[in-house]
Amino acid sequence: KQWYQRRVRVLTPPCIDEDMLEHTFPGKGRTNARMRRYADVALTVAKERGCQSADLFSHFQSRVSEGLFTDGLHLSERGNELVAGVVGEFLGNRVQTGMCIPDWKDFQ
């Protein structure tokens, strides 16, 4: 195996909540169609290079309405917990779940 096949792990970006995002940041043009294309390219490159990958986009896609975002783009505590769970499984459960840094809104 090449060094990068042992060390590089690829995570796709999660999807976004388009309605919430448009309300919070109108006219920015981010869509799930664009995010899906980005995620697909990341997964394709990982597969071509023999690297492990995890598709956060798919994990989030069916759960958008579960309060995973604070503004449609940035993750809420619940969204971060979902990412931590996926990453924990991905890395062999060596990652603790739960918020380890303050929410960005706490700095306003």
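Right above here is the structure, for reference.
In this report, we go over the structure that sits alongside the text. Keep in mind that this is a model prediction, so the values were computed, not measured.

### Looking at the environment of Ala 42
Logical step 1: Examined against the element boundaries, Ala 42 turns out to sit in helix H3 (residues 32-49).
Logical step 2: Ignoring any residue separated from it by four or fewer positions in sequence, one finds Ala 42 in contact with Val 10 and Thr 12.

### Things to note about the pattern of salt bridges
Logical step 1: Within this structure, the stated rule accounts for four salt bridges.
Logical step 2: Here Arg 36 and Asp 55 are joined by a salt bridge, their closest N and O atoms 3.1 Å apart. A residue pair is termed long-range when its members are at least 10 positions apart, and Arg 36 in helix H3 and Asp 55 in the loop between strand E2 (52-54) and helix H4 (56-61) qualify at 19 residues. Assigned by exposure class, Arg 36 and Asp 55 land together as buried.

### Let's talk about the packing of aromatic side chains
Logical step 1: One pass over the structure, following the stated rule, counts one aromatic pair.
Logical step 2: Judged by centre distance (5.9 Å) and plane angle (50°), the ring pair of Phe 60 and Phe 69 falls under tilted. Across the pair, Phe 69 and Phe 60 agree in class, each one buried.

Quick notes on the rules
- Counting restarts for each chain, with residues numbered from 1 along the sequence as it is written.
- The predicted nature of this model means local features are confined to residues of pLDDT at least 70 and side-chain atom pairs, given and counted, to a pLDDT of 80 or more, with totals for whole chains, interfaces and linings taken over all residues.
- Only heavy atoms go into the side-chain values, all of them from the structure, while hydrogens and water stay out.
- Think of it this way: any DSSP run of H or I at least four residues long counts as a helix, any run of E at least two long counts as a strand, and we number them from the N terminus.
- Note on contacts: a residue pair is in contact if any heavy atoms of the two residues lie within 4.5 Å.
- Salt bridge, as applied in this entry: a Lys or Arg side-chain nitrogen positioned within 4 Å of an Asp or Glu carboxyl oxygen.
- Each residue is assigned to one of three classes by its accessible area relative to the maximum for its type, calculated with a 1.4 Å probe on protein chains only: buried under 20%, partly exposed between the two thresholds, exposed over 50%.
- The aromatic pairing rule takes the rings of Phe, Tyr and Trp, using the six-membered ring of Trp, and pairs them if the centres are within 6.5 Å, calling planes under 30 degrees apart stacked, those over 60 edge-to-face and the rest tilted.

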